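One-letter residues, chain by chain:
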Amino acid sequence: MTAPAVPSYDAYMWPIVERLRAHGRSMTNEEMLDDVSAHMGLSEAVRSAPHGNSGQTEVEYRMAWARTYLKKIGALENSGRGVWTLTPKGAAITEAEVRGGPRQVQQDYAAQRAAASPRFSLDDTPSPSTAFDAAAEIEGEEPWRGALMARLLALDPSAFERLCQRLLREAGFSKVEVTGKTGDGGIDGTGVLRMNLLSFQVIFQCKRWQGSVGAPTVRDFRGAMVGRADKGLILTTGTFTAEARREAVRDGRRPSIWWTARCCATCCASIAWACGSRWSSG
């Protein structure tokens, strides 16, 4: 099967600015992913295309680089909670200025390298067509992410479930138990989440997948939850399709489902790496 053609990172830059202006000048990563993708008319196949074994989709990965460039030219700023906001410059920036952003960043980078190394020539400045690759050199590509994902995908199912159990405990859940039962509607464990004066019985499902979790999986999980808990949580090393995310939050559907993509590529993965072989056996 031919891989879908995913727009290059610079194709997202102006749509990001447009949609931020349409949403009060601020959006979360998740909001931006869905809104900009819809605004650009990206198909589900394009949106679901994976970026290697990173646990990200290619659209997420390239949109992240688009934000990086916009931040470098002073059009965006972000908080520690993944909320992106237009700066005063970004609120007034033109499409032409945005499209010239990658070239500007590369020229600044070339000037920095030339100042640091007399042997470096400004003629070596990457062209806009190769700016995406050069950006990785500026920021660093986090090579550990792929290695950690490979380690997670190599875990046996029971070890991965215990790792998810540890992650939930670290996140503040209590009474986290792995059921380990087969034929139980895909339910892998239970836990209790306390929020101030309230507590919720939560059922969770672990998906050690490289691809995307689709809407049918969410619907089946919700069906298995009926009569057992009010809240559900799907943890995966993969991603969720747009339909799956909409299904999880669809109005009027109970029980409600929370989901977390790449939880095991970041928090969970770091625990796996630190614990080493403890998670490699049953």
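Residues numbered from 1 in each chain as written. Predicted model: local features only at pLDDT ≥ 70, side-chain atom pairs only at ≥ 80, totals over all residues. Heavy atoms only, no water.

(A) Structural detail: the overall build of the protein. Along the backbone of the protein there are 13 helices and ten strands. Residue burial in the protein is summarised as follows: out of 282 residues, 45% are buried. The contacts of the protein with a sequence gap of at least 6 include a subset with a gap of at least 24, amounting to 66%. Roughly 14300 Å² of accessible area belongs to the protein as shown, and the carbon and sulfur atoms make up 50% of that amount. (Helix = DSSP H or I, 4+ residues; strand = E, 2+ residues; numbered from the N terminus. Buried < 20%, exposed > 50% of the residue type's maximum accessible area, 1.4 Å probe, protein only. Contact = heavy atoms within 4.5 Å. Areas by Shrake-Rupley, 256 points an atom, 1.4 Å probe, with all protein chains shown as cover.)

(B) Looking closely at the pattern of salt bridges. Using the criterion set out here, one finds eight salt bridges in the structure. Glutamate 247 is paired through a salt bridge with arginine 219; the nearest N and O atoms lie 3.7 Å apart. Placement of glutamate 247 in helix H12 (residues 242–248) and of arginine 219 in helix H11 (residues 215–225) is noted, with a sequence separation of 28 residues between them. Here glutamate 247 ties to arginine 222 by a salt bridge, and the two come within 2.9 Å at their closest N and O atoms. With glutamate 247 in helix H12 and arginine 222 in helix H11, the pair connects residues that are 25 residues apart, well separated along the chain. Each member of the salt-bridge network shares a partner with another, and the members are Asp34, Arg47 and Arg245. (Salt bridge = Lys/Arg side-chain N within 4 Å of Asp/Glu carboxyl O.)

(C) Seen up close, the sheet that holds strand S2 (residues 76–78). Spatially, S1-S3-S2 is the arrangement adopted by the three strands of the open sheet, whose pairing is antiparallel. The open sheet has two free edges, formed respectively by strand S1 (26–28) and S2, since each of these has just one partner strand. The mean angle between the axes of side-by-side strands here comes to 25°, regardless of whether they run parallel or antiparallel. By the bridge criterion, three bridges tie S2 to strand S3 (residues 83–86) in an arrangement that is antiparallel. Looking at S3, one finds that glutamate 77 is bridged to threonine 85. Set on the sheet, helix H2 (residues 29–40) makes contact with S1 and S3; between it and S1 the angle comes to about 100°. (Pairing = 2+ DSSP bridges. Axes fitted to C-alpha atoms, helices over the stretch in contact; angles between N-to-C directions.)

(D) Inspection of the packing of helix H1 (residues 13–22) against H2 at higher detail. Put simply, H1 and H2 touch, their axes get as near as 10 Å, and they point 110° apart. Judged by the inter-axis angle, H1 sits roughly perpendicular to H2. Handedness of the crossing formed by H1 with H2: right-handed. Facing H1, whose interface residues are Pro15, Ile16, Glu18, Arg19 and Leu20, H2 presents Met32, Asp35, Val36, His39 and Met40. Its residues placed into classes, the contact of H1 with H2 shows six nonpolar, one polar and three charged. (Parallel < 35°, antiparallel > 145°, perpendicular 65-115°, else oblique. Left-handed = near helix turned anticlockwise from the far one by under 90°. Nonpolar A, V, L, I, M, F, W, Y, C, P; charged D, E, K, R; others polar.)

Functional significance is not addressed by these values, which are geometric in nature.
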